[in-house]
Amino acid sequence: MWLFLAFLAVPLIEIALFIQVGGLIGLWPTLFVVVVTAIMGTWLVRSQGMRALANLQGSFSRLEDPTQPLAHGAMILLSGALLLTPGFFTDAVGFALLVPGVRLAVMRQIARRVKVQRFSMGGASGPQPRPGPRGPQTPKSAGEVIEGDFTEVPPSKRPNHPGSGWTKH
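Since this is a predicted model, take the numbers as computed values, not measurements.

What follows deals with the overall build of the protein. If you tally the helices and strands in the protein, you get 5 helices and 2 strands. Each helix and strand of the protein, ordered N terminal to C terminal, gives the series α-α-α-α-α-β-β. Looking at the 169 residues of the protein, the share that counts as buried comes to 18%. Taking the intrachain contacts of the protein between residues at least 6 apart in sequence as the baseline, contacts between residues at least 24 apart amount to 56%. Total accessible area computed for the protein in this model is approximately 13,800 Å², and 67% of it derives from carbon and sulfur atoms.

Written as structure tokens, this is what we have:
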């Protein structure tokens, strides 16, 4: 029901604001403001999105809980969608979501309503041995050289057709 009300209320608010602002400053200045906010919003979302992505990658590399960087990234994405939607109300909400303090307040409100049951990332003792064809193997270091021999095995079956000329048969 809340989603239905949002889909009903937001366009009505936008129409009312367009009428009010258009009556106050005129048609062309109103359209100019809408286009400029979309361009500014796109630039801001791009720069903050890159920063949020770097924070997310950093949390993964440090094996930290990625919840907060993911939430920031999701709200920046939502902000971008709102800023690209023509309208004054959606632009105001979109620009508000670009402010880190507002995002933190929204995250606190959501955290009060959502309870995470369990979160885990790897084992408590670090990376675990991964199973291989000869049993569990520990991860190899980047500079370690593993020597081995190989034998090229020819294909045992030839195709039933002569081929198209594009392949080697």
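From this point on, the discussion continues.
This part is about a nonpolar patch on the surface. Nonpolar side chains collect at one region of the surface, where Met1, Trp2, Phe4, Leu5, Leu8, Leu12, Ile15 and Ile19 lie side by side and expose about 980 Å² of accessible area between them. The topology assignment puts Phe4 in helix α1 (residues 2–25).

Ranked by size, the top nonpolar core spans 5 residues in total: Val45, Ala52, Ile76, Leu83 and Leu98. Going through the elements one at a time, α2 (27–61) and α3 (67–84) are the ones with two or more residues in this core. What Ile76 contacts, discounting residues up to four positions off in sequence, is Val45, Gln48, Gly49, Ala52 and Arg103.

This next bit is on the side chain of Glu14. By secondary structure assignment, the location of Glu14 is in helix α1. A distance of 3.2 Å separates a polar atom in the side chain of Glu14 from the backbone nitrogen of Phe89. Setting aside chain neighbours within four positions, we find Glu14 in contact with Pro86, Gly87, Phe88, Phe89 and Thr90.

Take the pattern of salt bridges next. Scanning the model with the defined rule gives 1 salt bridge in all. The salt bridge involving Glu64 is made with Arg62; its shortest N-O contact spans 3.2 Å. With a relative accessible area of 36%, Glu64 lands in the partly exposed category.

Close contact between α1 and α2 brings their axes to 7 Å; oriented N to C, the two are set at 125°. It follows that α1 is oblique to α2 by the angle criterion. In terms of crossing hand, the pair formed by α1 and α2 is right-handed. Of the residues in α2, those in contact with Phe18, Val21, Gly22 and Ile25 of α1 are Leu27, Pro29, Thr30, Val33 and Val34. A breakdown of the residues in the contact of α1 with α2 according to their chemical character gives 7 nonpolar, 2 polar and no charged.

A positive phi angle is found at Leu63, which is not glycine, with a value near 55°. Take Leu63: it is sitting in the loop between α2 and α3. With a relative accessible area of 60%, Leu63 lands in the exposed category.

Right, let's talk about the side chain of Ser59 for a bit. Structurally, Ser59 is set in helix α2. On the accessibility criterion, Ser59 (2% relative accessible area) is buried. Once residues lying within four places of it in the same chain are set aside, the contact partners of Ser59 are Glu64, Asp65, Pro66 and Pro69.

With that settled, consider the confidence of the model for the protein. When pLDDT is averaged along the protein, the result is 82; 78% of the residues meet or exceed 70. Of all helices and strands in the protein, the one with the weakest mean pLDDT is strand β1 (residues 130–132) (54), whereas helix α4 (residues 88–97) scores best (94).

A separate point is the packing of α1 against α4. Between α1 and α4, the shortest axis-to-axis distance is 7 Å and the interhelical angle comes to 110°. By the angle between their directions, the pair α1 and α4 is classed as roughly perpendicular. Contacts between α1 and α4 involve Val10, Ile13, Glu14, Leu17, Phe18 and Val21 from the first element and Phe88, Phe89 and Thr90 from the second. Partitioning the contact of α1 with α4 into residue classes produces 7 nonpolar, 1 polar and 1 charged.

So, how was this worked out
- Residues numbered from 1 in each chain as written.
- Predicted model: local features only at pLDDT ≥ 70, side-chain atom pairs only at ≥ 80, totals over all residues.
- Heavy atoms only, no water.
- Helix = DSSP H or I, 4+ residues; strand = E, 2+ residues; numbered from the N terminus.
- Buried < 20%, exposed > 50% of the residue type's maximum accessible area, 1.4 Å probe, protein only.
- Contact = heavy atoms within 4.5 Å.
- Areas by Shrake-Rupley, 256 points an atom, 1.4 Å probe, with all protein chains shown as cover.
- Patch = residues over 30% accessible without salt bridge, like charges linked within 9 Å, V, L, I, M, F, W, Y side chains within 5 Å.
- Salt bridge = Lys/Arg side-chain N within 4 Å of Asp/Glu carboxyl O.
- Core = buried A, V, L, I, M, F, W, Y, C linked by side-chain atoms within 4.5 Å.
- Polar contact = N/O pair within 3.5 Å; in protein donor to acceptor, adjacent residues only side chain to side chain.
- Axes fitted to C-alpha atoms, helices over the stretch in contact; angles between N-to-C directions.
- Parallel < 35°, antiparallel > 145°, perpendicular 65-115°, else oblique.
- Left-handed = near helix turned anticlockwise from the far one by under 90°.
- Nonpolar A, V, L, I, M, F, W, Y, C, P; charged D, E, K, R; others polar.
- pLDDT = per-residue confidence, 0-100.

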